[in-house]
Amino acid sequence: QVQLVESGGGLVQPGGSLRLSCVASGTLFSIHHVAWYRQAPGKQRELVATIRSNGKTNYADFVKGRFTISRDNAKNTGYLQMDSLKPEDTAVYYCHIEHIVTQRTYWGQGTQVTVSS
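Description of the structure in this document. (Residues numbered from 1 in each chain as written. Predicted model: local features only at pLDDT ≥ 70, side-chain atom pairs only at ≥ 80, totals over all residues. Heavy atoms only, no water.)

## With respect to the sheet that holds strand β8 (residues 77-82)
Moving on, step 1. Within the open sheet, the four strands sit side by side as β1-β3-β8-β7. Their pairing is antiparallel. Of all the strands in the sheet, just β1 (3-7) and β7 (67-72) have a single pairing partner and so form its edges. Each neighbouring strand pair of the sheet contributes to a mean axis angle of 15 degrees, computed without reference to strand direction.
Moving on, step 2. Pairing between β7 and β8: six bridges, direction antiparallel. Its bridge partner lying in β8, threonine 68 is registered against glutamine 81. (Pairing = 2+ DSSP bridges. Helix = DSSP H or I, 4+ residues; strand = E, 2+ residues; numbered from the N terminus. Axes fitted to C-alpha atoms, helices over the stretch in contact; angles between N-to-C directions.)

## Considerations on the packing of aromatic side chains
Moving on, step 1. Counting across every chain of the model gives two aromatic pairs.
Moving on, step 2. Judged by centre distance (6.3 Å) and plane angle (90 degrees), the ring pair of tyrosine 94 and tryptophan 107 falls under edge-to-face. Of this pair, tyrosine 94 sits in strand β9 (residues 91-99) while tryptophan 107 is found in strand β10 (residues 105-107), placing the two residues 13 residues apart along the sequence.
Moving on, step 3. Judged by relative accessible area, tyrosine 94 falls into the buried class, the value being 14%.
Moving on, step 4. For tryptophan 107, a relative accessible area of 39% translates into the label partly exposed.
Moving on, step 5. Here the aromatic residues Tyr37, Tyr94 and Trp107 are joined through ring pairs into a cluster of three or more.
Moving on, step 6. Here the guanidinium or amino end of arginine 45 rests over the ring plane of tyrosine 94, the centre of that ring lying 3.7 Å away.
Moving on, step 7. Residue placement shows arginine 45 over the ring face of tryptophan 107; its charged tip is 4.7 Å from the ring centre. (Phe/Tyr/Trp six-rings, centres within 6.5 Å; stacked < 30°, edge-to-face > 60°. Buried < 20%, exposed > 50% of the residue type's maximum accessible area, 1.4 Å probe, protein only. Lys NZ or Arg CZ within 6 Å of the ring centre and 35° of its normal.)

## Looking at the state of the cysteines
Moving on, step 1. This structure, assessed with the given rule, holds one disulfide.
Moving on, step 2. Here cysteine 22 is linked by a disulfide to cysteine 95, with a sulfur-sulfur distance of 2.1 Å. Taking the torsion about the sulfur-sulfur bond, which here is approximately -80 degrees, the covalent link between cysteine 22 and cysteine 95 counts as left-handed. Taken together, the residues span a long stretch of sequence, with cysteine 22 in strand β3 (residues 18-25) and cysteine 95 in strand β9 at a distance of 73 residues. Assigned by exposure class, cysteine 22 and cysteine 95 land together as buried. (Disulfide = S-S within 2.5 Å.)

Geometric descriptors of this kind do not, in isolation, establish any biological role.
Shown next as C-alpha cells:
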C-alpha cells in the first residue's frame, strides 16, 4: 500500500518562491525515480522535472534555471524548489515515482500552486 502525500503549494506573487514536498510511505523511496508533473486547467499534464535513483536530474525547458528537484532518501521525501515563479507556472503539481526494477508507478494527489499578483 503505497501513498504519496504532497504539501507546500499555495498562493504566491510573481517572482516568489515555494518548496513542494512529496512524502512516500509503504515503499522504499530510494529505489524509485521521482518526477514532478503539473497540469493547468484545460491542459495536458506535463513533465516538470525528474531525479533518478542515482541523483541525476533533468528539467523541462520552461523551468530550467528556476526550479530545483532534490530528494532525501532517509526521509522518504522528494522536493521541488520553485524560484522566480511566473503566472504561467500556475497549475496542480503532482509527485510521481517509478520503481527502478518493476517500473510500477504511483501518483500523489496533487497540490495547487497559484502565481498571481
